[in-house]
Amino acid sequence: MTSSPDVIVVGAGVLGLCTAAELAARGHAVTVIDPGGPNASSVAAGMLAPALESLLENLTPEQAGLLKRARDLWPAFAEAHGLALHREGAEWRGPDVPAALVRLGRLGFEARVTKGGLITAEDWRIEPGAALATLAGTPGLGLVRERVARVAGDACRWRVESEDGRIWAGSTLVLATGAAIAVEGLPRPIAALVESIQPIRGQLTQMALPGPGRVVRAPGVYVAPSAGGVVVGATMEPGRRDLDPDPDEAKAKVAAGLALLGVEGEAGPTRVGIRGATADGLPLAGASAEQGLFLALAPRRNGWLLGPLVAQVVADGIEGRPPHQDAAALDPLRFP
């Protein structure tokens, strides 16, 4: 059986579903193909955190500006797709709070000192599980739970075959496979680009604690409100793809999270996700060198923050619209 949507998206993480939902809202018939199960976008706290990410990563004003502009796309995107956007801000309880306050100010973020740290209203959050489910239900978007076996394409058409033998064909293919290995049949330069993505293993632990009301962060640990309590994370282990939780690491993070809140509690389940990262930490988003093939890959740990930006960049590219001001920074062809 062969189906012919306008756009085929391979991958149902945050970048794939944000892009598919954006295209469907613009009137395109979109099919998303994904094997299902947990992915890096579901194993996440859903932080939309340009301020504290810029502080933690010691970003330049230009890099911080990009993250802030990405966040600013969220209110309209959330309203358009029926997503609940939580804007209670975030708290920093790291060392040298006065220096952190000055640093944030120089990067263009507002914050104020509070007991034990500082608070910024610049960082928001989304509930990952609920958001993924809502995006998957966008009218005009069809989600197929199957693993892609291979792709093939030429100047006019892309063909996607799943492991169960079904085939989809269309003029536009969006590759949103996260840190997964390259799909069979990709053109060699694109396969090489996908294989250059660095996998980064991260894990977080659910806890049935009363939430702090906002995300609380310090170097190496965060506690974020979540359905049923909080999540505590997160590790960043480059080069690892294994999905078995590390109980010792989880125990250490939970202890750090409890100390951060000044409470006691028991750890719940720990989940693991594999993120993808490029050399400069920004995703690959936009047109590839192959006609009709677009990429939405490798946002490192800022997939939720960058989702609407990637969606707009890719959708504008597909439609031939003038590019977003940050499109060049995400260009898949920016690396030699």
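Notes on the structure in this doc start here.

### Brief notes about the pairing of strand β8 (residues 117-120)
Phase 1 of the analysis: As defined by bridge partners, strand β6 (residues 90-92) adjoins β8 across 3 bridges and the pair is classed as antiparallel. Bridge assignment links glutamate 91 to a residue of β8, and that residue is isoleucine 119.
Phase 2 of the analysis: Of the strand pairs in this sheet, strand β7 (residues 112-114) and β8 are connected by 3 bridges, and their pairing is antiparallel. Among the inter-strand pairings, threonine 114 is bridged to a residue of β8, identified as glycine 117.
Phase 3 of the analysis: Linking β7 to β8, which pair antiparallel, is a turn of 2 residues; within it glycine 116 sits at a positive phi near 90°.

### A word on the sheet that holds strand β3 (residues 30-34)
Phase 1 of the analysis: Spatially, β10-β3-β2-β14-β22-β21 is the arrangement adopted by the 6 strands of the open sheet, whose pairing is mixed. A single partner strand is all that each edge strand has here, and the edge strands are β10 (141-145) and β21 (284-287). Taken pair by pair, the neighbouring strands of this sheet meet at an average axis angle of 20°, ignoring direction.
Phase 2 of the analysis: As defined by bridge partners, strand β2 (residues 7-10) adjoins strand β14 (residues 172-175) across 4 bridges and the pair is classed as parallel.

### Quick notes on the sheet that holds strand β1 (residues 2-3)
Phase 1 of the analysis: Taken together, 4 strands build an open sheet; the order of strands is β1-β13-β12-β11 and the sheet is mixed. Each edge of the sheet is formed by a strand with only one pairing partner; in this case those strands are β1 and β11 (148-153).
Phase 2 of the analysis: Relative to strand β13 (residues 167-170), β1 is paired through 2 bridges, and the arrangement is parallel. Note on β13: the bridge partner recorded for threonine 2 is isoleucine 167.

### Notes on unusual backbone geometry
Peptide bonds are, in most cases, trans, and in most cases residues other than glycine have a negative phi.
Phase 1 of the analysis: Between glycine 233 and the following residue, alanine 234, the backbone shows a cis peptide bond with an omega angle of -10°.
Phase 2 of the analysis: With respect to the element layout, alanine 234 can be found in the loop between β18 (229-233) and β19 (237-238).
Phase 3 of the analysis: The backbone of asparagine 58 sits at a positive phi, close to 55°, despite the residue not being glycine.
Phase 4 of the analysis: If you trace the backbone, asparagine 58 turns up in the loop between α2 (50-56) and α3 (61-72).
Phase 5 of the analysis: Taking relative accessible area as the criterion, asparagine 58 reaches 56% and is therefore assigned exposed.
Phase 6 of the analysis: With a phi angle near 60°, arginine 300 is a residue other than glycine that sits in the positive phi range.
Phase 7 of the analysis: Its place among the elements puts arginine 300 in the loop between β22 (293-297) and α9 (303-319).

### Things to note about the environment of alanine 25
Phase 1 of the analysis: Structurally, alanine 25 can be placed in helix α1 (residues 14-25).
Phase 2 of the analysis: Remark: the alpha-carbon pair of alanine 25 and threonine 138, spanning 113 residues in sequence, is separated by 7.8 Å.

### Considering the nonpolar core
Phase 1 of the analysis: Counting 48 residues, the largest nonpolar core has Trp74 and Trp304 as the members making the most contacts within it.
Phase 2 of the analysis: The biggest single contributor to this core is α9, with 10 residues.
Phase 3 of the analysis: Once residues within four sequence positions are removed from consideration, tryptophan 304 is found in contact with Val14, Ser41, Ala44, Gly46, Met47, Leu48, Trp74, Ile126, Pro128, Ala131 and Leu132.

### So, the pattern of salt bridges
Two side chains bearing opposite charge may form a pair once their charged atoms approach each other closely.
Phase 1 of the analysis: All told, the structure shown has 26 salt bridges when counted by the stated rule.
Phase 2 of the analysis: The closest approach of N and O atoms between lysine 68 and glutamate 122, which form a salt bridge, is 4.0 Å. Here glutamate 122 lies in the loop between β8 and β9 (124-126) and lysine 68 lies in helix α3, a separation of 54 residues in the sequence.
Phase 3 of the analysis: Note that arginine 71 and aspartate 72 form a salt bridge whose closest N and O atoms lie 2.5 Å from each other.
Phase 4 of the analysis: For arginine 71, a relative accessible area of 5% gives the class buried.
Phase 5 of the analysis: Judged by relative accessible area, aspartate 72 falls into the partly exposed class, the value being 43%.
Phase 6 of the analysis: Each of Glu22, Arg26, Asp316, Glu319 and Arg321 takes part in a single network of salt bridges with overlapping partners.

Procedures and definitions
- Residues numbered from 1 in each chain as written.
- Predicted model: local features only at pLDDT ≥ 70, side-chain atom pairs only at ≥ 80, totals over all residues.
- Heavy atoms only, no water.
- Pairing = 2+ DSSP bridges.
- Helix = DSSP H or I, 4+ residues; strand = E, 2+ residues; numbered from the N terminus.
- Axes fitted to C-alpha atoms, helices over the stretch in contact; angles between N-to-C directions.
- Buried < 20%, exposed > 50% of the residue type's maximum accessible area, 1.4 Å probe, protein only.
- Core = buried A, V, L, I, M, F, W, Y, C linked by side-chain atoms within 4.5 Å.
- Contact = heavy atoms within 4.5 Å.
- Salt bridge = Lys/Arg side-chain N within 4 Å of Asp/Glu carboxyl O.

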